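Examining the three-dimensional arrangement
Each chain is listed here by its residues.
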Amino acid sequence: MAEIIGGMSVPHLPFLPMRIENDPDSWVAREYGAMAAEFERLAPDVIVAFSPDHLASFFFDNLPTFAVPIVDRFTGATDGYPRVERDRTVPSHRALGAAIHHHLIRSDFDVARVEHFEADHSVIVPLQLLGAGRDLRVIPLVVNALCPPLPSAKRAHAFGAAVGQAIREFDEPLRVLVLADGGINQEVGGPRSAPGRADGAPDPAWLDNVTARLRAGEVDELVLEATPERIAHAGNAAGELLTVLAMLGAYGDSAADRFEPGHEDGIAFGLWKGAAE
Amino acid sequence: MSLYEVHAICRTALKDEGFRDALNADPEATLDGFDLTPAEREALLTGDVAALYAQGAHEYALMWLGRAEVLGLTVPEYMKRITSAEPHYVY
């Protein structure tokens, strides 16, 4: 059977590859480096990534709340940021994708089925900065975290739990890492961006609260606090917390082994490892 | 409201160089091809992203107008204008 060997939460800001290249001693470069070392030690066979989409893989003509790519491979990033890989072909795991999709539908999650997928920077930046090998298989589960109305925190967490069941019931001895990517206190291109920047971190108290909850393993409490209204006040990208809650649903609620917030960008690096359930 | 058309213009400007050039060469005629309200059309022609935001357009799509450098916008100019808007909270 497949097993979930760890969980990670990392940022995917599209300027990070350039910033890390230009300033390898910066906090974010060191944190990403530490996560890349953990990633190498965990040595997963497959990543199941809970990822948002920035109106790139999907658009307003057809915008799923949750989507499951069932593909042999996908490409990205499609959204053309400097130093973000553009034509990377990422192998996926069709059979596991199909098993996740089937289990979700049977668990009353009416998810979208996707048999052709192109990713934006959201999943590609973490693969790039974690140093994921080109043959590592990735299933990018898309969570609508940016175009309100977003799914509730409770629903995202339950979605992740059902994904976790599907992984653990999959009849192949795979070591699976569950990954969440995004920011927590973050406004991108909106009115509350910081002067001289294209983004901002308008609600540092929220990032502190999320940090305290996740360090203590108080996931149920965080799910209750993360109302749509509360998330909206933490920025137009703060819904990306839903990917963390989904990832924890899959991994199993427990205290983070490490969870380090970065207030300048409203982001955090989180690691959960070992058998949780 | 024809927000879908506004969003489609933003995306096409980012993705399609020919459309970008047309929008810069003759914005009036280029926008004739879209089903816009007078307020949306006026806001697009003047690069008034704060007005488009107030009408419900999504910031992620609007920012592409700055990245595409159309309708008098660049990313810094886009940021200057959007940060003059009154934030609203959508949920």
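Worth saying up front: this structure is predicted, and the values here are computed from it rather than measured. (Residues numbered from 1 in each chain as written. Chains lettered and ligands numbered in written order. Predicted model: local features only at pLDDT ≥ 70, side-chain atom pairs only at ≥ 80, totals over all residues.)

**What to know about the interface of chain B and chain A**
The partner chain A presents 21 residues to the 18 residues of chain B that form the contact. No other element matches the four residues that helix 6 (residues 59-68) of chain B contributes to the side of chain B that touches chain A. Its residues assigned to classes, the side of chain B that touches chain A comprises twelve nonpolar, three polar and three charged. (Contact = placed C-beta atoms within 7 Å. Helix = DSSP H or I, 4+ residues; strand = E, 2+ residues; numbered from the N terminus. Nonpolar A, V, L, I, M, F, W, Y, C, P; charged D, E, K, R; others polar.)

**Observations concerning the nonpolar core**
Counting residues in hydrophobic clusters, the biggest one holds 117 residues, and the most contacted among them are Val 48, Ala 246 and Met 247 of chain A together with Leu 62 and Leu 65 of chain B. Ranked by the residues each element gives to this core, the list is headed by helix 9 (residues 241-251) of chain A, at nine residues. (Core = buried A, V, L, I, M, F, W, Y, C linked by C-beta atoms within 7 Å. Buried ≥ 20, exposed ≤ 12 C-beta atoms within 10 Å, placed from the backbone.)

**Quick notes on the environment of Ala 50 of chain B**
Residue and element names in this part refer to chain B. Along the chain, the position of Ala 50 falls in helix 5 (residues 49-54). A tally of 18 C-beta atoms within 10 Å means that Ala 50 is categorised as partly exposed. Residues Ala 50 and Leu 14 lie 36 residues apart in sequence; the distance between their C-alpha atoms is 19 Å.

**Remarks on the packing of helix 6 of chain B against helix 7 (residues 75-82) of chain B**
A pair of packed helices is captured by two measures, namely the crossing angle of their axes and the spacing between those axes. Residues and elements named next belong to chain B. Between helix 6 and helix 7, whose axes approach to 7 Å, the crossing angle comes to 140°. For the element pair helix 6 / helix 7, the angle class is oblique. Viewed along their axes, helix 6 and helix 7 form a crossing whose handedness is right-handed. For the pair formed by helix 6 and helix 7, the contact residues are Glu 59, Leu 62, Met 63, Leu 65, Gly 66 and Arg 67 on the first element and Val 75, Glu 77, Tyr 78 and Ile 82 on the second. (Axes fitted to C-alpha atoms, helices over the stretch in contact; angles between N-to-C directions. Parallel < 35°, antiparallel > 145°, perpendicular 65-115°, else oblique. Left-handed = near helix turned anticlockwise from the far one by under 90°.)

**Digging into the sheet that holds strand 6 (residues 112-114) of chain A**
All names here are of chain A. Strands sit in the order 6-3-7-2-8-1-12-11 across an open sheet of eight strands; the sheet is mixed. Looking at strand neighbours, the two that pair on one side only are strand 6 and strand 11 (258-262), the edges of this open sheet. Strand-to-strand twist of the sheet, defined as the mean angle between neighbouring strand axes without regard to direction, takes the value 20°. Alignment of strand 11 against strand 12 (residues 267-273), held across five bridges, turns out to be antiparallel. (Pairing = 2+ DSSP bridges.)

**Regarding the environment of His 263 of chain A**
All names here are of chain A. Secondary-structure assignment places His 263 in the loop between strand 11 and strand 12. Sequence-wise, His 263 and Asn 185 are 78 residues apart; in three dimensions their C-alpha atoms are separated by 8.2 Å. Sequence-distant contacts of His 263, defined by excluding residues within four places in its chain, comprise Ala 201, Pro 204 and Leu 207.

**Describing helix 3 (residues 94-106) of chain A**
Residues and elements named next belong to chain A. In this model, helix 3 (13 residues) spans 18 Å end to end at C-alpha, consistent with the 18 Å of a helix rising 1.5 Å per residue. Along helix 3, the residues that are buried comprise Leu 96, Gly 97, Ala 99, Ile 100, His 101 and Leu 104. Asp 108 lies just past helix 3 and shows a positive phi near 70°. (Expected span 1.5 Å × (residues − 1).)

**With respect to the environment of Thr 89 of chain A**
Residue and element names in this part refer to chain A. Looking at the secondary structure, you find Thr 89 in strand 5 (residues 88-91). Placed 84 residues apart in sequence, Thr 89 and Pro 173 show a C-alpha to C-alpha distance of 24 Å. Residues contacting Thr 89, with those up to four places away along its chain left out, are Arg 73 and Thr 75.

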